Amino acid sequence: MFEKSLSRRGLLRAGGGLGLASLGLGLGAGPASAAVPASKRFDLTQPSHDLFRSKALHDDTVQQGFAFDSVNRRLFVAQRRNGTAENAGDLCITQLDFDGDQVGSTGSAYGHMHLTGFGHGVSFGAQAVGTSTYLWTEVEANDNGYGARLARFKFTKGTTLSNTSSALTKFTPVAGASEHTCAIDPVHQRLIVRYHRSGAKHLAVYDLAEAAKGNFTSPLADFAQPDLGTRKFQGYAAYGSYLYLLTGHSYLESGNVVDSEITSVSMNTGAVIQGPVITNAGSTLVFREPEGLAVYKTADGETRLFLGFASGLEGDRRSNLFYKNILV
């Protein structure tokens, strides 16, 4: 049962900004800043623990990213919609319980949404507004299949939204950026925006409640993403003053070699603090591709950094989540 699963593994908690109104006007992020209060960080060398393995999503493709609603105890996983082109930006968002089972009954009442022309799904956020969940995703997919802007909208199971839907509130956090994705730090209530501008990736940190109102004028931090070299980017998450980056390839691409790595970065300086550190989480999985990072905090006060992996055969890809829980 969902409630049993939550009591066993820990409930999610943290508030969400309630602002809904925004013109979605593009306000450029300010100069580099260093105003994120210091916090502990995850020790990436510590072991990972299973949440679940080999769980089916609504569609059959590889998962891309995932997010937690830390108040309403919900988990959402993004993937490319079945039968759509890689660069179309068409996504399926599946709601899972903490045992990894799809929420809802059969048919259209299943806990999923389809999004048309949104983006790649590498990272997104979930924000509680009362008993509802509002998702923050990329939107307006470009020719490469990545979203040019951000959108915020209510998760409504069994529905399909186009990227022109009136149900969306759209934002352009950084003027002149050609791509935007995001993640939420549910403990400190911050929105982390990864954007592409002038040929490079950058990250900016905002107060979540202010971002929901469309206020992107005063980032707490704004810095260039560290050089990843030839490592394949697969997701990011933030906790306190630290950003976490996930990289690596599927076994098909790496020749069955574990090359999945996590790196921690100071969001006040942009400097690498730890890593890259190899993670062997789910090393026995079939296919095994690193896909997504997210953070949540249990009712007992334990903060966890979650790592996502896709597994399974083509046409039957599965979702797998693991976590690290040692802070230093």
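Heads up: the structure comes first, above all this text.
Source: prediction; values computed, not measured.

(A) Main features of the packing of aromatic side chains. Under the definition given, this model contains 16 aromatic pairs. The interplanar angle of 45° and the centroid separation of 5.3 Å between the aromatic rings of Phe 306 and Tyr 323 together place this pair among those described as tilted. With Phe 306 in strand β20 (residues 303–313) and Tyr 323 in strand β21 (residues 316–324), this pair connects stretches of sequence that are 17 residues apart. Judged by its relative accessible area of 0%, Phe 306 is buried. Relative accessible area serves as the criterion here: at 11%, Tyr 323 is assigned to the buried category. The ring of Phe 233 is capped by Arg 194, whose NZ or CZ atom sits 3.6 Å from the centre of that ring. Seen from the ring of Tyr 323, Arg 304 lies directly overhead, with NZ or CZ sitting 4.1 Å from the centre.

(B) Here's a closer look at the side chain of Arg 288. Among the secondary structure elements, Arg 288 is positioned in the loop between β18 (272–278) and β19 (289–297). One buried charged residue, Arg 288, remains without a salt bridge, the closest side chain of opposite sign being Asp 259 at 5.9 Å. Within the local environment of Arg 288, its side chain forms a polar contact with the backbone oxygen of Ala 281, the two atoms lying 2.9 Å apart.

(C) Representation of the sheet that holds strand β12 (residues 190–197) in the model. If you walk across this open sheet you meet the four strands as β11-β12-β13-β14, and the pairing is antiparallel. Two strands in the sheet have a free side with no partner beyond their single neighbour: β11 (179–185) and β14 (221–224). Put simply, the sheet's adjacent strands are angled 20° from each other on average, direction ignored. By the bridge criterion, seven bridges tie β11 to β12 in an arrangement that is antiparallel. Considered in β12, the bridge of Glu 179 is made with His 196.

What counts, and where the lines are drawn
Residues numbered from 1 in each chain as written. Predicted model: local features only at pLDDT ≥ 70, side-chain atom pairs only at ≥ 80, totals over all residues. Heavy atoms only, no water. Phe/Tyr/Trp six-rings, centres within 6.5 Å; stacked < 30°, edge-to-face > 60°. Helix = DSSP H or I, 4+ residues; strand = E, 2+ residues; numbered from the N terminus. Buried < 20%, exposed > 50% of the residue type's maximum accessible area, 1.4 Å probe, protein only. Lys NZ or Arg CZ within 6 Å of the ring centre and 35° of its normal. Lys, Arg positive; Asp, Glu negative; His and termini not counted. Salt bridge = Lys/Arg side-chain N within 4 Å of Asp/Glu carboxyl O. Polar contact = N/O pair within 3.5 Å; in protein donor to acceptor, adjacent residues only side chain to side chain. Pairing = 2+ DSSP bridges. Axes fitted to C-alpha atoms, helices over the stretch in contact; angles between N-to-C directions.

From the geometry alone we can't say anything about function, so treat these as descriptive.
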